[in-house]
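# Survey of secondary and tertiary structure
Listed below are the residues making up each chain.
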Amino acid sequence: MDEVEKIKRHIVKKATIFQTGGFKPTNSISESWIGKVYLFKDNEEIPLDKNGNRMIPLIQINLNDIPTKPKSISNSKIITVFISKDFPVELSLNNENWLIREYENEDDIKIKEFEIENTFVKPFPLKPQKVIEDYPVWDGGGLSDEMEDKILELENTGVIEDYYDISENQYGHKIGGYPSFCQPGIDFGTDYEFVLQIASDEKANLNIVDGGTIFLAKNIKTQQWKYYCDFY
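To start, this report covers the structure provided alongside it. (Residues numbered from 1 in each chain as written. Predicted model: local features only at pLDDT ≥ 70, side-chain atom pairs only at ≥ 80, totals over all residues. Heavy atoms only, no water.)

### Structural notes on the layout of surface pockets
Roughly 330 Å³ of internal volume is contained in the largest pocket. Along the walls of the largest pocket sit 18 residues, with Gly141, Gly142, Pro179, Asp187 and Phe188 positioned nearest its centre. Considering every element that reaches the lining of the largest pocket, the biggest residue donor is strand β11 (residues 192–199), with 3 residues. Partitioning the lining of the largest pocket into residue classes produces 9 nonpolar, 6 polar and 3 charged. Along the walls of the second largest pocket sit Gly35, Lys36, Val37, Ile46, Pro57, Glu113, Phe114, Ile116, Thr119, Val121 and Pro123, which together make up its complete lining. Looking at side-chain class alone, the lining of the second largest pocket contains 7 nonpolar, 2 polar and 2 charged residues. (1 Å grid on protein atoms, 1.4 Å probe; cavity = no way out; pocket = protein on both sides within 12 Å on 5 of 7 lines; lining within 4 Å. Points joined across faces, edges and corners; volume = space filled by probe spheres on them. Helix = DSSP H or I, 4+ residues; strand = E, 2+ residues; numbered from the N terminus. Nonpolar A, V, L, I, M, F, W, Y, C, P; charged D, E, K, R; others polar.)

### Overview of the sheet that holds strand β10 (residues 174–176)
An order of β6-β13-β12-β11-β10-β1-β9-β2-β4-β5-β7 is seen for the 11 strands of this open sheet, with the pairing classed as antiparallel. Each edge of the open sheet carries a strand with a single partner, namely β6 (92–93) and β7 (98–103). Pairing of strand β1 (residues 13–20) with β10, which is carried by 3 bridges, proceeds in the antiparallel orientation. Residue pairing across strands places Thr16 opposite Ile175, the latter belonging to β10. (Pairing = 2+ DSSP bridges.)

### Some thoughts on the pattern of salt bridges
Pairing is possible between side chains of opposite charge, provided their charged atoms come close. By the definition in use, this model includes 6 salt bridges. For the salt bridge of Asp134 with Lys174, the shortest nitrogen-to-oxygen distance reads 2.5 Å. With Asp134 in strand β9 (residues 124–134) and Lys174 in strand β10, this pair connects stretches of sequence that are 40 residues apart. Lys174 sits in the buried class, given a relative accessible area of 0%. (Salt bridge = Lys/Arg side-chain N within 4 Å of Asp/Glu carboxyl O. Buried < 20%, exposed > 50% of the residue type's maximum accessible area, 1.4 Å probe, protein only.)

Just geometry here; none of it tells us what the structure is for.
Structure below.
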């Protein structure tokens, strides 16, 4: 095996990407959505932001048919995410103008319909489209210093012209893989694993600040979630 293949095998991760719409929804407990959340526990409703306003239902993911679940959500069945109209744009913990709910059991989940005022996101069902091989973006995307040095050596010796000759990163909605940072990436912190990416989506009328992307990571030890958003 040559050095390029060794590097690719070392850094590659599997990710599942999603298709927005284009098929008839079932509105069942097994379905995923962008711009719509209807799966709740009995005592749950639409959460409020810091100003006391109801958050926007952003995404609902049923994880049962996801073949590439990261380790930190290996026992989870459903994830739902809500966000304030005032998008947080800095690294923040759960419930700071955004909220993620994670369910490991579907038995106590109910389908509830809430009327949402002033939402700008157009709801569409999401379908797990395919499993891809995902690679880090170059600047802060997850490459170690040692791996960066090896790749630069390949460039300097003419084996490759550029890192992106041997790698590809998926910029849509996805679970697993690597975060697709628009700007230089950030470190979520020790024991945090990148889990979910929510991208600007023209079909769903979702523009995250300016063509940006939301990244959610979970701490494998503490179970705490972190949010980050970047944009062009």
